[in-house]
Amino acid sequence: MTGARPDAAKRPAPAGEGAPGNRVLVIDYGSQFTQLIARRIREAGVYCEIHPPARTEEWVREWSPGGIVLSGGPSSVYGDDGPGLDPGLLALGVPVLGICYGMQLLAHHGGGRVVPGKREYGRAALRIAESETDGGLFHGFRSGEELAVWCSHGDHVDEPPPGFTTVGATADLPVAAFRSRTRPLYGVQFHPEVAHTPRGQEIVENFLFRICGLSPDWTSGAFVARWVERIRRQVGSEQVICGLSGGVDSSVAAALVHRAVGDQLTCVFVDTGLMRMNERTSVERTFREHMGIRLVAVEAGPEFLGPLEGVSDPERKRRIIGETFIRVFERTTRELGTHARFLVQGTLYPDVIESLSVRGPSATIKTHHNVGGLPDDMPFELVEPLRELFKDEVRAVGRTLGLDNAFIRRHPFPGPGLGIRVLGPVTAERVEVLRRTDAIYLEEIEAAGLYDEIWQAFAVLLPVRSVGVMGDSRTYEHVVSLRAVTSRDGMTADWYPFPHDFLARVSTRIINEVAGVNRVTYDISSKPPATIEWE
């Protein structure tokens, strides 16, 4: 979310999620970078949504995008099961940018030549045609300069379609970028959305502002104003209940709904027995005392830990926790006599993408607590004001709402809590071991001034024990793994390179201060291939 750009087209800027004609449709062909495309567009201040290739011309016409981006993907345009392109989309007159596989689709449908070739993965030097440095995708670039770009493809365009002209080439790709001479259709074989294309954001913004003529109206202030009105229309005079965990998502969602309906909102903090150290005290102090939000705290640890006994499968854990959470809500609302009809959830856009799979038949990575763990017969209608946001956008909304920075800057914490960080069976004893370990780890990160450099840091209790020696005695105790990653949006992540002396200090403290732990490891996997959470 951003402010206006001086070189953006001068047109009225509607509020919120982008009015018809002032938003971008990203069609997902299965690229690992599709979410990065959406992030780059959002960072430019333009609203966009990701949708599957099955969207029809009629649906797209009604949604009325001001620009369309075709993502990359692992398929071949010659494959029997490769997702296709409705030719009607190209006849709408809406500017289209094809990236990698998206470019190959444009070429294939237009009569160009796409050929299989040696897979190219890594950096390349793009030579830009002189004609494109004024008003096109490469506006502002020097004529003839070589631009560092990132490629990841097998097939490539060898000959542009009739009516298209080549505007960029590399040593291995004779057609690395092209455009139509008569229609606003553009394609690039490289990936402008990734950090390895250093000037990729400029290319994205040239498409948005120079070619599509869009306005950067996607701001946190506009979002808040639009959603306050939307929540009021949805809720009316009914009562609303919110499950407040103390994490960024639920905190911002609660503050936004409270801005809209005031005392119609009751927040319920459910102490599941799976929370971080001192979580309840922190939430009560901030939301009840400082923000004046009606808050009820419920002690329900045994209700969650009982059904989890002996359960190791992470998907079963998530569903048990989600269903138990709703049952506690049902009972709490009856006891409070609020007759709440609506339930606030802090669901985010990556939750929706990973849980529901925008491509349809592709595999679900994991069921998110906010979107997949709720029983079908729950008595509430959902209010999900953050469903269209990435994490950094949520933080921006939180700042606009005046939420305490201590909550805005917090690392993500999963809805199922420590239940999915205790690998294997969940017991009160194992949760307490992990809770104390996690608290020491985060305390040391804060003391070292590293907290804000890290996207997410946490400890995991492994389902194994290890032999050790303490004093003169043999031990056979728990093993914990520490995890810390850097990320822009949680869709990809790299492990954080702590100094060795930091890791040594944390390990010593954990082993000395947490009874039952005799071994500490550090996870150095990135996402992909790993996920950030272990379960």
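Residues numbered from 1 in each chain as written. Predicted model: local features only at pLDDT ≥ 70, side-chain atom pairs only at ≥ 80, totals over all residues. Heavy atoms only, no water.

*Asks:* Tell me about the overall build of the chain, and name the residues and values.
*Replies:* A tally of helices and strands in the chain yields 15 helices and 20 strands. For the chain, the proportion of its 535 residues judged to be buried stands at 59%. A separation threshold of at least 6 residues defines the contact pool for the chain, and within that pool the share at least 24 residues apart is 76%. Counting every atom, the chain has about 21,400 Å² of accessible surface; 49% of that belongs to carbon and sulfur. (Helix = DSSP H or I, 4+ residues; strand = E, 2+ residues; numbered from the N terminus. Buried < 20%, exposed > 50% of the residue type's maximum accessible area, 1.4 Å probe, protein only. Contact = heavy atoms within 4.5 Å. Areas by Shrake-Rupley, 256 points an atom, 1.4 Å probe, with all protein chains shown as cover.)

*Asks:* Account for the layout of surface pockets, with residues named and values stated.
*Replies:* Volume-wise, the largest pocket comes out at about 560 Å³. Around the largest pocket, the lining is made up of 23 residues, and of these Met-277, Glu-279, Arg-410, Leu-442 and Glu-446 lie nearest the centre. Of all the secondary-structure elements, those providing two or more residues to the lining of the largest pocket are α7 (279-290), α13 (405-408), α14 (428-447) and α15 (500-513). Considering each element in turn, the lining of the largest pocket owes the most residues, seven residues, to α14. Taken together, the residues of the lining of the largest pocket break down into seven nonpolar, four polar and 12 charged. (1 Å grid on protein atoms, 1.4 Å probe; cavity = no way out; pocket = protein on both sides within 12 Å on 5 of 7 lines; lining within 4 Å. Points joined across faces, edges and corners; volume = space filled by probe spheres on them. Nonpolar A, V, L, I, M, F, W, Y, C, P; charged D, E, K, R; others polar.)

*Asks:* Any chance you could break down the pairing of strand β1 (residues 24-27) for me, citing the residues and the numbers?
*Replies:* Alternating positions in β1 separate into two faces, Val-24 and Val-26 on one and Leu-25 and Ile-27 on the other, with burial throughout. Where β1 lies against strand β3 (residues 67-70), four bridges are found, and the strand directions are parallel. In the strand pairing of β3, Ile-27 is matched with Leu-70. Each parallel crossover has a hand, and the one from β1 via helix α1 (residues 34-43) to strand β2 (residues 48-51) is right-handed. (Pairing = 2+ DSSP bridges. Right-handed = clockwise from strand over helix to strand, strands pointing away.)

*Asks:* Got a sec to walk through the side chain of Thr-286? Specific residues and values, please.
*Replies:* Tracing the sequence through the fold places Thr-286 in helix α7. If sequence neighbours within four positions are ignored, Thr-286 has contacts with Met-291 and Phe-407.

*Asks:* Can you lay out helix α12 (residues 391-400) for me, pointing to particular residues and giving the numbers?
*Replies:* Owing to its 3.6 residues per turn, the α-helix brings residues three or four apart onto one side. Burial within α12 is extensive, with seven of its 10 residues counted as buried. Contacts made by the buried residues of α12 are with α1, α5 (220-235), α6 (248-261) and α13. Directly after α12, the chain includes Gly-402, whose backbone phi takes a positive value near 80°.

*Asks:* So what's going on with helix α3 (residues 101-110)? Residues and values would help.
*Replies:* Buried residues dominate α3, accounting for seven of its 10 residues. Just downstream of α3, Gly-111 is the residue with a positive phi angle, here 95°.

*Asks:* Go over the packing of α5 against α12, please, and point to the residues and values.
*Replies:* Two elements in contact, α5 and α12, have axes whose closest approach is 9 Å; the angle formed by their N-to-C orientations is 75°. Taken together, α5 and α12 sit at an angle that is classed as roughly perpendicular. Residues Ser-220, Gly-221, Phe-223 and Val-224 of α5 form the contact with α12, whose participating residues are Ala-396, Val-397 and Thr-400. Partitioning the contact of α5 with α12 into residue classes produces four nonpolar, three polar and no charged. (Axes fitted to C-alpha atoms, helices over the stretch in contact; angles between N-to-C directions. Parallel < 35°, antiparallel > 145°, perpendicular 65-115°, else oblique.)

*Asks:* Explain the side chain of Arg-410 to me, using residue names and the numbers behind them.
*Replies:* Looking at where Arg-410 falls in the secondary structure, it is placed in the loop between α13 and α14. Relative accessible area serves as the criterion here: at 15%, Arg-410 is assigned to the buried category. A polar atom in the side chain of Arg-410 sits 2.7 Å from the backbone oxygen of Gly-246. Not counting chain neighbours up to four residues away, the residues in contact with Arg-410 comprise Gly-246, Gly-247, Val-248, Arg-276, Glu-279, Arg-395 and Tyr-451. (Polar contact = N/O pair within 3.5 Å; in protein donor to acceptor, adjacent residues only side chain to side chain.)

*Asks:* Lay out empty space enclosed by the protein with the relevant residues and their values.
*Replies:* In total, this model carries three cavities of 30 Å³ or more according to the counting rule given. Ile-37, Arg-40, Ile-41, Val-69, Leu-97, Ile-99, Pro-192, Glu-193, Val-204, Phe-207 and Leu-208 together form the lining of the second largest cavity. Listed by contribution, the elements that provide at least two residues to the lining of the second largest cavity are α1, β4 (96-99) and α4 (200-211). Classifying every residue of the lining of the second largest cavity by side-chain character gives nine nonpolar, no polar and two charged.

*Asks:* Requested: an account of the sheet that holds strand β13 (residues 265-271), with residues and values cited.
*Replies:* If you trace the five strands from one edge of the open sheet to the other, you get β14-β13-β12-β15-β16, paired in parallel fashion. In this open sheet, the two strands that pair with only one neighbour each are β14 (295-299) and β16 (381-383). Along the sheet, successive strands turn relative to each other by an average axial angle of 30°, direction set aside. As defined by bridge partners, strand β12 (residues 240-243) adjoins strand β15 (residues 342-344) across three bridges and the pair is classed as parallel. Residue pairing for β15: Cys-242 is matched across the bridge by Val-344. Sheet strands touched by α7: β13 and β14. Its angle to β14, the strand with the most contacts, is close to 165°.

*Asks:* Could you give an account of the pattern of salt bridges, naming the residues involved and the relevant values?
*Replies:* Applying the stated criterion across every chain yields a total of 32 salt bridges. Among the ionic pairs, Arg-232 bridges to Glu-229, the shortest N-O distance being 3.1 Å. Pair noted here: Arg-232 and Glu-229 are both in helix α5, with a separation of three residues, about one helical turn. Relative accessible area serves as the criterion here: at 39%, Arg-232 is assigned to the partly exposed category. For Glu-432, the salt bridge goes to Arg-436, with nearest N and O atoms at 3.0 Å. Residue Glu-432 and its partner Arg-436 are located together in helix α14, separated by four residues, close to a single helical turn. Overlapping salt bridges, with partners in common, bring together Arg-39, Arg-40, Arg-42, Glu-43, Asp-392 and Glu-393 in one network. (Salt bridge = Lys/Arg side-chain N within 4 Å of Asp/Glu carboxyl O.)

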